[in-house]
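Now for the letters of each chain:
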Amino acid sequence: MIGDRWGVSDAEVARPYPCDAFASGPAPAAWRGVTVRAPAAAVWPWVRQIRLAPYSYDWIDNLGRRSPRELRDLPDPVPGDRLTASAGRPIGRVLAVEPGVHLTGRIMGALMSWVLVPVRDDASRLLLKVVLPPRRVQAQLIAAGDLVMSRRQLLNLARLAEGRPGPSPTPQSK
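Throughout what follows, the structure given in this document is the object of discussion.

Procedures and definitions
Residues numbered from 1 in each chain as written. Predicted model: local features only at pLDDT ≥ 70, side-chain atom pairs only at ≥ 80, totals over all residues. Heavy atoms only, no water. Helix = DSSP H or I, 4+ residues; strand = E, 2+ residues; numbered from the N terminus. Salt bridge = Lys/Arg side-chain N within 4 Å of Asp/Glu carboxyl O. Buried < 20%, exposed > 50% of the residue type's maximum accessible area, 1.4 Å probe, protein only. Contact = heavy atoms within 4.5 Å. Pairing = 2+ DSSP bridges. Phe/Tyr/Trp six-rings, centres within 6.5 Å; stacked < 30°, edge-to-face > 60°. Lys NZ or Arg CZ within 6 Å of the ring centre and 35° of its normal. Polar contact = N/O pair within 3.5 Å; in protein donor to acceptor, adjacent residues only side chain to side chain. Core = buried A, V, L, I, M, F, W, Y, C linked by side-chain atoms within 4.5 Å.

**Notes on unusual backbone geometry**
One non-glycine residue, Met108, adopts positive backbone phi at about 45°. By the element assignment, Met108 lies in the loop between strand E5 (102-107) and strand E6 (110-120).

**Describing the pattern of salt bridges**
Note on pairing: side chains with opposite charge can pair once their charged atoms come close. Counted under the stated rule, the structure contains seven salt bridges. Notably, a salt bridge pairs Arg37 with Glu162, separated by 3.5 Å at the nearest N-O pair. Taken together, the residues Arg37 in the loop between strand E2 (29-36) and helix H2 (40-48) and Glu162 in helix H4 (residues 136-162) connect sequence positions 125 residues apart. In this structure, the salt-bridge partner of Asp76 is Arg48, at a minimum N-O distance of 3.0 Å. Of the two residues, Asp76 sits in the loop between helix H3 (58-61) and strand E3 (82-86) while Arg48 sits in helix H2, which places them 28 residues apart along the sequence. A residue is classified by how much of its surface remains accessible, and Asp76, at 31% relative accessible area, is partly exposed. Residue classification places Arg48 among the buried positions, given a relative accessible area of 16%.

**Structural notes on the environment of Arg106**
Here Arg106 lies in strand E5. For Arg106, a relative accessible area of 35% translates into the label partly exposed. For the pair formed by Arg106 and Val131, sequence separation is 25 residues and the distance between their alpha carbons is 9.3 Å. For Arg106, the residues in contact, after removing those within four places along its chain, are Phe22, Leu83, Gly92, Arg93, Leu95 and Leu111.

**Quick word on the pairing of E2**
In terms of residue burial, E2 counts as a mostly covered element, since seven of its eight residues are buried. With two bridges joining them, strand E1 (residues 5-6) and E2 adopt parallel strand pairing. For Trp6, the partnering residue across the bridge sits in E2 and is Arg32.

**Observations concerning the packing of aromatic side chains**
Enumeration according to the criterion identifies zero aromatic pairs in this entry. Positioned over the ring face of Tyr17 is Arg15, at 5.3 Å from the centre of the ring.

**Regarding the side chain of Ser113**
Position of Ser113 among the secondary structure elements: in strand E6. What makes Ser113 buried here is its relative accessible area of 0%. Polar contacts involving the side chain of Ser113 include one to the main-chain amide nitrogen of Cys19, which spans 2.8 Å. Dropping the residues within four chain positions of it, Ser113 is found in contact with Tyr17, Pro18, Cys19, Leu103, Thr104, Leu127, Leu128 and Lys129.

**Description of the nonpolar core**
Within the largest apolar cluster, 26 residues are counted, with the highest numbers of intra-cluster contacts made by Val36, Val43, Val47, Leu103, Trp114 and Leu126. At the level of secondary structure, the elements contributing two or more residues to this core comprise E2, H2, E5, E6, strand E7 (123-131) and H4. Membership of the second largest hydrophobic core comes to 10 residues, among which are Val13, Cys19, Ala29 and Val115.

**Focus on H2**
With seven of nine residues buried, H2 lies mostly within the body of the structure. When H2 is considered as a whole, its buried residues turn out to be Ala40, Val43, Trp44, Pro45, Trp46, Val47 and Arg48.

**Notes on the side chain of Glu12**
Structurally, Glu12 can be placed in helix H1 (residues 10-14). Side-chain polar atoms of Glu12 contact the backbone nitrogen of Ser9, separated by 2.9 Å. Excluding its chain neighbours within four sequence positions, the residues that come into contact with Glu12 are Gly7, Tyr17, Trp31, Arg125 and Leu127.

Here you go:
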């Protein structure tokens, strides 16, 4: 399937993901991954903060509202919590969580697991698996769009966890 992989190895695709436990059978899936130059413990607070905003292209996914660039004092999510928010509106539900290890939820029929894998003391992998709705045409469209949005989300989360400054917000026209 076009757009089903970005930044992941064959071993990362083959590994089990928590979202697999919620899939009702074989379904198309997409995998994304990024190496973060920070320990998993420094990345987890940003993953946990996905509940506040999408961290992708805010002008598309968040109606121009900027995802927070500072950590908020959020408790770890629990199953049943909202998964994220877009334009200030809650969307999706948390299905499972293991603090510091994974966050798993459902959004618009897609299952998603963000998984942290320590690489060294100072680096980790942030992996995302998306199990798509079973209809092939719908899955192809979602996978292509998700590739663009998830790639930006993972890169933003990595940059924030690494403490690197982000791009300046686009100036508003008058």
